[in-house]
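# Working through the structure, step by step
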Amino acid sequence: MKKLILICSILISATFHAQIKVKINDKPVTEGASFKAEDILKMEVAFDKPKKLSYYGLGRLYFWVEILKESGNSYEDYRATVDGSNAIEAYLMDVNDFKTFYADGKVPYTFKIVRSSKQNSLPETFLLAGRWQDQKALKIRVSLFFRDKVGYEKYGDAVELVKPFTINVDNTHFFTEGQKQKQEEKAAADAKKAEEDKKAEETKTVEQVKTIETPKVEAPKKKKGLLNSVLNKL
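Read on for an overview of the structure. (Residues numbered from 1 in each chain as written. Predicted model: local features only at pLDDT ≥ 70, side-chain atom pairs only at ≥ 80, totals over all residues. Heavy atoms only, no water.)

### Topic: the overall build of the protein chain
For the protein chain, the helix and strand inventory stands at 4 helices and 9 strands. Listing every helix and strand of the protein chain by position from the N terminus yields α-β-β-β-β-β-β-α-β-β-β-α-α. Counting only residues that meet the buried cut, the protein chain has 30% of its 234 residues in that class. Here the contacts in the protein chain between residues at least 6 apart in sequence split such that 69% fall between residues at least 24 apart. With the model as given, the accessible surface of the protein chain reaches about 16,100 Å², and the carbon-plus-sulfur share is 56%. (Helix = DSSP H or I, 4+ residues; strand = E, 2+ residues; numbered from the N terminus. Buried < 20%, exposed > 50% of the residue type's maximum accessible area, 1.4 Å probe, protein only. Contact = heavy atoms within 4.5 Å. Areas by Shrake-Rupley, 256 points an atom, 1.4 Å probe, with all protein chains shown as cover.)

As structure tokens, this is what we get:
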């Protein structure tokens, strides 16, 4: 009976735990899940039960989606920022409000908060892993955090309101396509350069032939002496 109560308490605790929620192609996914880049057509992100701080004041709230390289550095990010205590509290009440991104770009969606600062503008579509063809593997990380304002346009360290959520992306398909495209572009550039060099060499040869076939005609030499000077003027 005690074990059952303990299990139930753990489940209840997990249920009320703050979390990021992610859907891929309309299906919920778990933290650390792996996907092939070419299979991700649609991605949705939301948060639930975020940590509540005692004071937001002049700080700034961030809801952030990042695409990371294998090294962990950011390739590109999509962020919604919210300023002001009331606006932040109101935004944090919109739990389970999924923000949707599409890979094909045909269905626009702007991940944007009207109440926030000018920094809230984001691309209309989620630029998936296929855009970056120099990496075989990528990660997508979603996070929700707050920063206190510590000076003019300066903010302090991030306080996580929800544990970040990361999924792995196998980008081999687009990486291979990218390498193939680079090889084709290099072959085309080499062929173009070879053609230009050939034309330049042909032009040089023609000019050399013209020079040989058309000998330089020298002007008649003037004769010296007084009599010759008079004759030269005639």
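### A word on the pattern of salt bridges
Tallied over the full model, the rule gives 8 salt bridges. For the salt bridge of Lys42 with Asp26, the shortest nitrogen-to-oxygen distance reads 2.8 Å. Of the two residues, Lys42 is situated in strand β4 (residues 42–48) and Asp26 in the loop between β1 (19–24) and β2 (27–28); the sequence distance between them amounts to 16 residues. For Asp26, a relative accessible area of 48% corresponds to the partly exposed category. Here Lys49 makes a salt bridge to Asp48, at a shortest N to O gap of 2.7 Å. A relative accessible area of 6% places Asp48 in the buried class. (Salt bridge = Lys/Arg side-chain N within 4 Å of Asp/Glu carboxyl O.)

### Thoughts on the side chain of Arg60
In this structure, Arg60 sits in strand β5 (residues 60–68). Accessibility expressed as a relative area gives 7% for Arg60, which makes it buried. Within the local environment of Arg60, its side chain forms a polar contact with the side chain of Asp83, the two groups lying 2.7 Å apart. (Polar contact = N/O pair within 3.5 Å; in protein donor to acceptor, adjacent residues only side chain to side chain.)

### With respect to the nonpolar core
With 35 residues, the main nonpolar core has Ile20, Val22, Phe63, Val142 and Leu144 as its most contacted residues. Ignoring sequence-local partners within four residues, the contact set of Val22 consists of Lys27, Pro28, Val29, Met43, Glu44, Val45, Val142 and Phe165. (Core = buried A, V, L, I, M, F, W, Y, C linked by side-chain atoms within 4.5 Å.)

### Digging into the packing of aromatic side chains
What the rule picks out here adds up to 6 aromatic pairs. Seen from their ring centres, Tyr56 and Phe146 are 5.3 Å apart, and the 80° between their planes marks the pair as edge-to-face. Linking Tyr56 in the loop between β4 and β5 with Phe146 in strand β8 (residues 137–151), this pair joins segments that are 90 residues apart in sequence. For the pair Tyr56 and Phe146, one class covers both residues: buried. Centroid distance Tyr62 to Phe145: 4.9 Å. Interplanar angle 15°. Geometry classified as stacked. (Phe/Tyr/Trp six-rings, centres within 6.5 Å; stacked < 30°, edge-to-face > 60°.)

### Let's talk about unusual backbone geometry
Of note in this structure, Asn25 is not a glycine but carries a positive phi near 55°. Not every positive phi belongs to a glycine, and Lys49 is a case in point at roughly 50°. Here Lys49 is to be found in the loop between β4 and β5.

### A look at the environment of Tyr75
Checked against the element boundaries, Tyr75 lands in strand β6 (residues 74–83). A C-alpha to C-alpha distance of 9.3 Å links Tyr75 and Leu138, two positions 63 residues apart in sequence. Beyond its immediate sequence surroundings of up to four residues, Tyr75 is in contact with Ile67, Leu68, Lys69, Trp132, Asp134, Gln135 and Leu138.

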